[in-house]
Every structure is written in structure tokens, then in C-alpha cells.
Amino acid sequence: MGIFDDTIGLIRYIFPTGNIFVKFCRYLCSCLAVSTEPTMSVMAQLKSSARLILLIACSFGLTWSVRGECAGECVPLSQCKNNDFGGFFDLRVGLSGEEPSDCDHYLQVCCDKEEIDKGTEVVEVINDGENSGGDKSNTIRADFDECGKRNTEGIGFGIVGSQNLESEYAEFPWVVAISVETFDLSGETERKYVCGGSLVKPNVVLTAAHCIVNRTAETIYVRAGEWDSQTTNELFPHQDRGVSNVVIHEHYNQAFQFNNIALLFLESSFQAAENIQTICLPPQGTVFSDENCVATGWGKENFNSNNYQAILKKIELPIVAHGTCQKALRTTRLGSRFSLHNSFLCAGGKAGLDTCTGDGGSPLVCPIPDQPNRYYQAGIVAWGVGCGMEDIPGVYTRSSLYTDWINDKIETQVTAEELGLYK
């Protein structure tokens, strides 16, 4: 490798900033990798020696880009004005050296120092100042668009190296994380994640009743725009809001989990952003039978996992007919006389693919017919027998039974606020 390393050193001497050469070589490699007619025509006209030089330059660029050395400075994507990084982040970066890279963290890019934007924060502080996520001076403003739009390719970048069913960044912008305020051993307050939920209005969250029963509104907090809970290097900041009012279904049965649905009314609305949007509610009584519905959440992979998942996961699941689901559940410890309540919807039944502990309250969404990449919320993660057992579906609250109830409670809340009954 001596000659190879000497050549790398010479290139670095000629290109002291480094990133210009790397970007050129990456672009060159991408051109050579695409077998288009113009590319092949140009290559055919070159002498074999010239083609060899191009291929060597390409390999130099790729080798340089993965040797873990940054000629500029490693910063979050949002702080690099010229964020031409190839369009993908590798989730394996930083995991025990499994995948070398320019930067230690997978959500950082190697940026020329003159391209680093260290401007001041432009995200407005709303009411309680709960906008979070670090310096995001490049934050792009957005409005609440039509509900239920899935960003299948992610926003700003894509990911490779997925190992735990990770979703793309901002792929499901309606998913929220719910936490509660508790006291640690020293008596200090801390916020502990308990469940997921979905944003149905800018100031209204839909979740499961079992997540927040016996809790007061002032101890509950909602975070929107989250993706990787272990970092603030994401492209757009998350936002936190307190809760002003909790509404649990009047006929919620805590013993058997019937009517397991609740609404959280927030102290202030979330600010619309590309990573914060709403989900569509289905028309009352809609029946779902799709094969390609999706559940999301930060819950554990299985019962034996010690920790919740850092990055929002997505699990593609088929809807299971009510009778088929009841029959399957009767083969478990529930027994042969178990009756599945009509407020439940079932999905899954594939080994290793299921929602689990910590996913409660999170949404199950299904495609809106004839509207690509738009979704209705079909269910709310409720309960299950184990996690990811073959032929044993997970059980969800059937959202379409409660669309009228949800709309009625929202209208009642608006009226109460107008009368000054709630802040």
C-alpha cells in the first residue's frame, strides 16, 4: 500500500482543502457507474490508458471519502451551505468502527470551513419556548399541507445500512412521542417516554387511553418532528408542547382495553414544518383490508430487548380479518373461548415483524385508495400476545369507529376554549 498512500499524499498536497477533489471524484464515479448512452459513447472514444486513469481517480476519491478523515469540519447537515454529500447517510457509521466515514456521527457531513453556516437561530420561540434540536439556522418554513402525506424517500437525505427497520427521516411526519414528568431518585423531575401518538390537528394528538390513564394534563408532554431520539443533528428541529386537556373515551374499559382511545389537547399548536404534519382520519365506519399498511414507533424490538429503539421504526403489516384474528388469538393463553371485541382491528402475524413494548398509542396507517403516498390512520397500537410471533397478529384500536367521536370532542374543546373554560 506504500505507493497508493504516497499517491494519496500527493493529491492532498495538490488539493489542500480536500473536499473539492473528493466531490469531483464522487461525481466522476457516479457518472461511470451509470451506463447511459452518452456516458458509454464518451468512454468508448477514450484510450484504454485514459479510461484507466479515470477509474483510478474514482477509486482515490472513494478511498479518501471512507478513510475517516475530514479536510474541513464535521457539522450537522443543516449547518453546511453546500451540502452536496451524495444524498444518503449510512446508519452503520459510528457503530464500533463498522463503517468508516469522514465524520464520527452518521448525521454529520464533512464541510469546507468557508461553507459552514454559523448564523443565529431563526426558529421562532412559541409560547413556552419549547422548540428544540440545536442550531438549525437553515430551517425551511412550511405550512400544514394536505393530511397523511408520506415522504417515502425521506426529507433532505436518504439512509442506507438499515438494521432495525428504521424509517426514512421525516417519512411519517405525523408521528409524535409522548412523555410524562416523573421524579428521579434524587427528587429531581425528569421526562420519561411512555407512548407514541399521531397529530390529527396542529394542537390535537390521538393516542391510546392506556398510555395516559390516571395521569394529569400538566404532567404530559408531546414531541413532534422527532426521528432519532439520541441526537439533535437532524435537518429540522423537533418541537415540544405541554398538554392542557386530556379526553379519554367515556366507555374505556381498563380491564379489557375496549374503546382504548384518547385525545390530548395541547397548550399551543405545533408550528408546521416538513417534519411536522398531520395524519388523515378515515370516514366513520371505514373497513380496511389492505396488505400494505404500516405501523410506526420507538418501541422495543421484542420482549427481550432492554432499550427502546433510537430511530423511528416502520413495520409493513397486512390487515387480518376479525374472524381470522380471533381464531389465532384463541390458540394463545387467551383460550378457546376468547371473544375479540369489535372495537379492535388486527394486523401482522409475521414472525419478527410486530409492534411491541413502547409502541402503545402509535398509529397504524393504510393507503388512501387512488391517492399515492397518502394515508388514513386505521388503528392505534393497543395490545398483543407476545411480540412478532408467527401467525399471531397484533391488536389495534379500530380508529374508523371513532372518527365522529374525535370530531365531536374537538368541536367541544373549541367551544369550551371560546367560553374560557380551558386556556
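Procedures and definitions
- Residues numbered from 1 in each chain as written.
- Predicted model: local features only at pLDDT ≥ 70, side-chain atom pairs only at ≥ 80, totals over all residues.
- Heavy atoms only, no water.
- Pairing = 2+ DSSP bridges.
- Helix = DSSP H or I, 4+ residues; strand = E, 2+ residues; numbered from the N terminus.
- Axes fitted to C-alpha atoms, helices over the stretch in contact; angles between N-to-C directions.
- pLDDT = per-residue confidence, 0-100.
- Contact = heavy atoms within 4.5 Å.
- Disulfide = S-S within 2.5 Å.
- Buried < 20%, exposed > 50% of the residue type's maximum accessible area, 1.4 Å probe, protein only.
- Arc of directions from axis to C-beta.
- Expected span 1.5 Å × (residues − 1).
- Core = buried A, V, L, I, M, F, W, Y, C linked by side-chain atoms within 4.5 Å.
- Phe/Tyr/Trp six-rings, centres within 6.5 Å; stacked < 30°, edge-to-face > 60°.

Visitor: I'd like a description of the sheet that holds strand 10 (residues 262–266), backed by residues and values.
Guide: On the basis of which strands lie adjacent, the closed barrel formed by six strands has the order 5-6-7-10-9-8 and antiparallel pairing. Ignoring strand direction, the axes of neighbouring strands in this sheet form an average angle of 45°. Examined bridge by bridge, strand 5 (residues 175–183) and strand 8 (residues 220–224) share five bridges and lie antiparallel to one another. Bridge assignment links Ile 178 to a residue of strand 8, and that residue is Val 222.

Visitor: I'd love a proper account of the confidence of the model for the protein chain, names of residues and values included.
Guide: Of the residues in the protein chain, 68% have a pLDDT of 70 or more, and the chain-wide mean is 79. Segment residues 88–98: pLDDT under 50, and 38 contacts once partners within four positions in sequence are set aside and those in other chains are kept. Per-residue pLDDT stays below 50 along residues 120–130; that stretch engages in 30 contacts with residues further than four places along the chain or on separate chains.

Visitor: How would you explain the state of the cysteines if you had to name every residue and give the values?
Guide: Counted under the stated rule, the structure contains five disulfides. Each disulfide pairs two cysteine sulfurs, and for Cys 293 the partner residue is Cys 366, the sulfurs being separated by 2.0 Å. Between Cys 293 and Cys 366 the sulfur-sulfur dihedral comes to about 110°; the bridge is accordingly right-handed. One end of the pair, Cys 293, is in strand 11 (residues 293–297); the other, Cys 366, is in strand 15 (residues 363–367), and 73 residues separate them in sequence.

Visitor: Lay out the sheet that holds strand 17 (residues 393–398) in plain terms, naming residues and giving numbers.
Guide: Sheet architecture is open: seven strands sit in the order 12-11-15-16-17-14-13, paired in antiparallel fashion. Looking at strand neighbours, the two that pair on one side only are strand 12 (313–317) and strand 13 (319–320), the edges of this open sheet. Note that strand 15 and strand 16 (residues 375–383) share five bridges and pair antiparallel. Bridging across to strand 16, Pro 367 finds its partner in Tyr 375. In the packing of helix 6 (residues 322–329) onto the sheet, contacts are made with strand 13, strand 14 (344–348), strand 16 and strand 17, and the angle to strand 17 comes to roughly 130°.

Visitor: Let's hear about the environment of Thr 355: which residues, and what values?
Guide: Assignment of secondary structure puts Thr 355 in the loop between strand 14 and strand 15. Along the primary structure Thr 355 and Glu 301 are separated by 54 residues, whereas in three dimensions their C-alpha atoms are 7.7 Å apart. Not counting the four nearest positions on each side in its chain, Thr 355 is found in contact with Ala 295, Ile 315, Val 381, Cys 387 and Tyr 396.

Visitor: Tell me about helix 6, and name the residues and values.
Guide: Listed in full, the buried residues belonging to helix 6 are Cys 325, Gln 326, Ala 328 and Leu 329. Angularly, the buried residues of helix 6 cover 160° about the axis, an arc narrow enough to put them on a single face.

Visitor: So what's going on with helix 7 (residues 403–418)? Residues and values would help.
Guide: In a regular helix each residue adds 1.5 Å, so 16 residues correspond to 22 Å; helix 7 covers 23 Å between its end C-alpha atoms and thus fits that length. Where the residues of helix 7 are buried, they touch strand 6 (189–201), strand 7 (204–207), strand 9 (239–248) and strand 10.

Visitor: Quick rundown of the side chain of Ser 198? Include the residues and the values.
Guide: Mapped onto the fold, Ser 198 is located in strand 6. Judged by relative accessible area, Ser 198 falls into the buried class, the value being 0%. Excluding residues that lie within four positions of it along the chain, Ser 198 makes contacts with Trp 174, Val 176, Val 204, Val 205, Leu 206, Ile 279, Pro 363 and Gln 377.

Visitor: For the nonpolar core, give the residues involved together with the corresponding values.
Guide: One finds Tyr 169, Ile 178, Val 205, Val 222, Leu 263 and Leu 264 to be the most contacted residues of the largest nonpolar core, which totals 56 residues. For Val 205, the contacting residues outside a window of four places in its chain are Val 176, Ile 178, Gly 197, Ser 198, Leu 199, Val 222, Ala 262, Leu 263, Leu 264 and Leu 266. In terms of nonpolar packing, the next biggest core, distinct from the first, is built from 16 residues, Ile 315, Leu 364, Ala 378 and Tyr 396 among them.

Visitor: I'd like a description of the packing of aromatic side chains, backed by residues and values.
Guide: The geometry of an aromatic ring pair is captured by the separation of the ring centres together with the interplanar angle, meaning the angle of the planes. In the structure shown here, the tally under the stated rule is twelve aromatic pairs. Between Tyr 169 and Phe 236, the ring centres sit 6.5 Å apart and the planes meet at 20°, which makes this aromatic pair stacked. Remark: Phe 236 occurs in the loop between strand 8 and strand 9 and Tyr 169 occurs in the loop between strand 4 (158–160) and strand 5; sequence separation between them is 67 residues. Judged by its relative accessible area of 0%, Tyr 169 falls in the buried class. Residue class for Phe 236 comes out buried when judged on its relative accessible area of 3%. For the pair Tyr 193 and Tyr 308, a centre-to-centre distance of 5.3 Å together with 80° between the ring planes defines the contact as edge-to-face. Separated by 115 residues along the polypeptide, Tyr 193 in strand 6 and Tyr 308 in the loop between strand 11 and strand 12 bring together distant segments of the chain. For Tyr 193, a relative accessible area of 18% puts it in the buried group. An aromatic cluster of three or more residues is present, and its members are Phe 256, Phe 258, Phe 338, Phe 344 and Trp 383.

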